[in-house]
Amino acid sequence: MARTAQDGADDTPPEPDVTAAGGPGSTIPEAETGPAPGRSAWDAKRIALTAIGVLVAAFLLVKAAQDFSQFIVVTLNGVTLAALFFVVASGFTLIFGLMRVVNMAHGSLYLFGGYLALEMQNRWFVEEPKGGGGFTLGIGGAEDDATIGLLGWIIPLLLATAIIGLLGVIIQQVFLRWNQGQDLRQALITIALSVIFADQMLAAYGGISKDIKTPSDWPTSITLPGDVRFGFFRGVVVLVAALLIALALWYIIKKTRFGKIVRAGVDDRDMVSALGINVQLIFAFAFLLGALLAGFGGVLGGTMISLAPGQDTAFLLNSLIVVIIGGMGSLGGAAIGVLALGLVDAYADVYLVFGDTDLTNYSILVTFALLVAVLAVRPLGLFGRPA
C-alpha cells in the first residue's frame, strides 16, 4: 500500500513554476518577472544623458565657430588644468584605493609643498636686478623683477617634494597606522590635521596670493598652428610632467612587484596580509608616493596658477571628485576623470555667458552636474568595482 501511494505521488504532475510565470495569472510582481522593465528604465536614463551630452557638444561647436582661437586656448587651459589635477589626484587615488584611507590632509600637503618651494626660492635663489636698491611699490616688491636661474626652480622643486613625502610618511606612521580599518577615525584625524596646517600656513605666509617664479631663461609662451599663443609652462612643462608621471605610475602599478601587491590589495587586502606580505611597509611606501605627488603638484600649481589660502580644500575636493568619477583605485579612471573635470571647469569659466547674463560664478554647479551624470550611469565610477 505504501508503495502504491508513493507511486501515485510520483505520478502527480508537477505544479507550475510561478517564478517563471509572466502571464496574467502570475502572482509575482511584474518587476520581478524579467529584466525588461529595469532595462528600459536604465536605457531611458542613458538616453536622457546622451541627449544632454549632444546638446552640450552642439553648444561647444557653436562657440568654436564663433571664435576658434579662443576655443583652442580654453581647451588647452582645460587640458593643462587636468594635467595638474592628475598629478595631485593620482596620489590620492593610490592611497585611497590601496589603504581605504580618505586622506583629508592631501590638499594641505599640496599647498604646503608649494609654499616650501616658494620660501626656498625667495631665500636662496632670488637675485635682485642690477641697479636695484631703489624704492619699489607693490605687493611683490622687487621679487617681481628678480632673475631666477634654472636651479632656482629645480632645487626648490626637488627639496619641497622630498620634504612633503617625508611628512606624509610621518602622518601615516604616527596618526594613521594605529587606526587601520577605522575609516571614520582616520578621516577625522586627517581633517584635524588639515585645519591645523591651514591655520599655520595662513599665519606664516599670509593671505595674499603668491606664485613661484619660472626660470628667467624660459620663454613665456609658445606659438601654435593658427597663430595661437599659449603659455610655455602650462603647455610644455606641466603637460609633459603629467604624461611622464602617468607612464611611471603605469609601469609601477602594472610591471613591478609593488604594483602587483597594490592591485591585489585593492581586490582583497586580507588575503595579501595572509600571504605574509609586510602590508605596513607597503602602506608606508604608498603613502610616501602619494605625498610626493602632492608636493610635486604643489610646486607645479604654485608656478602655473598661484598659492593662496583655500587652495588646499579646492584641490582636495577636486581629488575626491576625480576618485568618484574614475572609480576607487583606478589609475585609468583617474586620468579620464581629471580630463573631464578640467575641460568642464575651463569651459564653464568662459562660456557660461548668455547675453548680458554672466553665470560663470556658478561654474561649480556644472562640475557637480558632471558628477551626478556619471554616478547615474556608473554608481561605482567609470572603472570602479565592488569591494
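Everything numeric in this text was worked out from a predicted model, so none of it was measured.

A. View of the overall build of the protein chain. On a plain count of helices and strands, the protein chain comes out with 13 helices and four strands. Relative to its 387 residues, the protein chain shows a buried fraction of 39%. Sequence-distant contacts, at least 24 apart, represent 76% of the contacts inside the protein chain between residues at least 6 apart. As presented, the protein chain carries roughly 20,900 Å² of accessible surface, and 66% of it is formed by carbon and sulfur atoms.

B. View of the confidence of the model for the protein chain. When pLDDT is averaged across the protein chain, the result is 82; 82% of the residues are at 70 or more. Taken as a whole, residues 1-6 scores under 50 in pLDDT and shows zero contacts with residues more than four places along the chain or in a different chain. Contacts for the low-pLDDT stretch residues 132-142, under 50 throughout, to residues beyond four places or in other chains number five contacts.

C. Main features of helix H13 (residues 363-377). In a regular helix each residue adds 1.5 Å, so 15 residues correspond to 21 Å; H13 covers 22 Å between its end C-alpha atoms and thus fits that length. Of the residues making up H13, those classed as buried are Ser-363, Thr-367, Leu-370, Leu-371 and Val-374. Buried residues of H13 fall within an arc of 105° about the axis and therefore sit on the same side. Residues of H13 that are exposed and angled more than 90 degrees away from the buried face: Leu-365 and Val-372. Where the residues of H13 are buried, they touch helix H11 (311-326) and helix H12 (331-351).

D. Here's a closer look at the environment of Gly-206. Tracing the backbone through its elements, the reader meets Gly-206 in the loop between helix H6 (183-205) and strand E1 (221-224). Sequence separation between Gly-206 and Pro-309 is 103 residues; the distance between their C-alpha atoms is 8.2 Å. Apart from residues lying up to four places away in sequence, Gly-206 is in contact with Tyr-115, Met-201 and Pro-309.

E. The arrangement of the packing of helix H5 (residues 151-176) against H6 in detail. In the contact formed by H5 and H6, the axes pass within 11 Å of each other and the chain directions differ by 135°. On the basis of their axis angle, the class for H5 and H6 is oblique. Of the two possible hands of crossing, H5 and H6 adopt the one that is right-handed. Residue-level contacts link Leu-167, Ile-171, Phe-175 and Leu-176 of H5 to Gln-186, Ile-189, Thr-190, Leu-193 and Phe-197 of H6.

F. Structural context of the packing of aromatic side chains. Throughout the structure, instances matching the rule amount to 13 aromatic pairs. Between the aromatic rings of Phe-71 and Tyr-347, the centroid separation amounts to 5.8 Å while the plane-to-plane angle is 5°, which identifies the pairing as stacked. Here Phe-71 is found in helix H3 (residues 68-99), whereas its partner Tyr-347 is found in helix H12, with 276 residues between them in sequence. For Phe-71, a relative accessible area of 15% puts it in the buried group. Of the aromatic side chains, those joined through ring pairs into one cluster are Trp-153, Trp-218, Phe-232 and Phe-233.

G. Quick look at the side chain of Gln-311. As for its placement among the helices and strands, Gln-311 is situated in helix H11. For Gln-311, a relative accessible area of 14% corresponds to the buried category. Not counting residues up to four positions away in its chain, the partners in contact with Gln-311 are Tyr-110, Leu-111, Ile-305 and Ser-306.

H. Representation of the pairing of E1 in the model. Note that E1 and strand E2 (residues 228-231) share four bridges and pair antiparallel. When the sheet's bridge partners are listed, Thr-223 is paired in E2 with Arg-229. Linking E1 to E2, which pair antiparallel, is a turn of three residues; within it Gly-226 sits at a positive phi near 90°.

I. Representation of the nonpolar core in the model. Grouped together as the largest cluster of nonpolar side chains are 73 residues, with contacts concentrated most on Phe-112, Trp-153 and Leu-300. Setting aside its immediate chain neighbours within four residues, Leu-300 contacts Leu-84, Val-87, Trp-153, Phe-233 and Ala-241.

J. Spatial organisation of the side chain of Thr-367. Positionally, Thr-367 belongs in helix H13. Judged by its relative accessible area of 2%, Thr-367 is buried. In this view, Thr-367 contacts Ile-321, Leu-341, Val-344 and Asp-345; residues no more than four positions away in its chain are not counted.

K. Region of interest: the pattern of salt bridges. The full count for this structure, using the stated rule, is two salt bridges. Its salt-bridge partner being Glu-119, residue Arg-123 comes within 2.6 Å of it at the nearest N-O pair. Here Glu-119 and Arg-123 lie together in helix H4 (residues 106-125), a separation of four residues that amounts to about one turn. Residue Arg-123 is classed as exposed on the basis of its relative accessible area of 63%. Relative accessible area serves as the criterion here: at 27%, Glu-119 is assigned to the partly exposed category. The partner of Lys-213 in a salt bridge is Asp-211, with the nearest N and O atoms 3.3 Å apart. Residue class for Asp-211 comes out partly exposed when judged on its relative accessible area of 33%.

Parameters at a glance
Residues numbered from 1 in each chain as written. Predicted model: local features only at pLDDT ≥ 70, side-chain atom pairs only at ≥ 80, totals over all residues. Heavy atoms only, no water. Helix = DSSP H or I, 4+ residues; strand = E, 2+ residues; numbered from the N terminus. Buried < 20%, exposed > 50% of the residue type's maximum accessible area, 1.4 Å probe, protein only. Contact = heavy atoms within 4.5 Å. Areas by Shrake-Rupley, 256 points an atom, 1.4 Å probe, with all protein chains shown as cover. pLDDT = per-residue confidence, 0-100. Expected span 1.5 Å × (residues − 1). Arc of directions from axis to C-beta. Axes fitted to C-alpha atoms, helices over the stretch in contact; angles between N-to-C directions. Parallel < 35°, antiparallel > 145°, perpendicular 65-115°, else oblique. Left-handed = near helix turned anticlockwise from the far one by under 90°. Phe/Tyr/Trp six-rings, centres within 6.5 Å; stacked < 30°, edge-to-face > 60°. Pairing = 2+ DSSP bridges. Core = buried A, V, L, I, M, F, W, Y, C linked by side-chain atoms within 4.5 Å. Salt bridge = Lys/Arg side-chain N within 4 Å of Asp/Glu carboxyl O.

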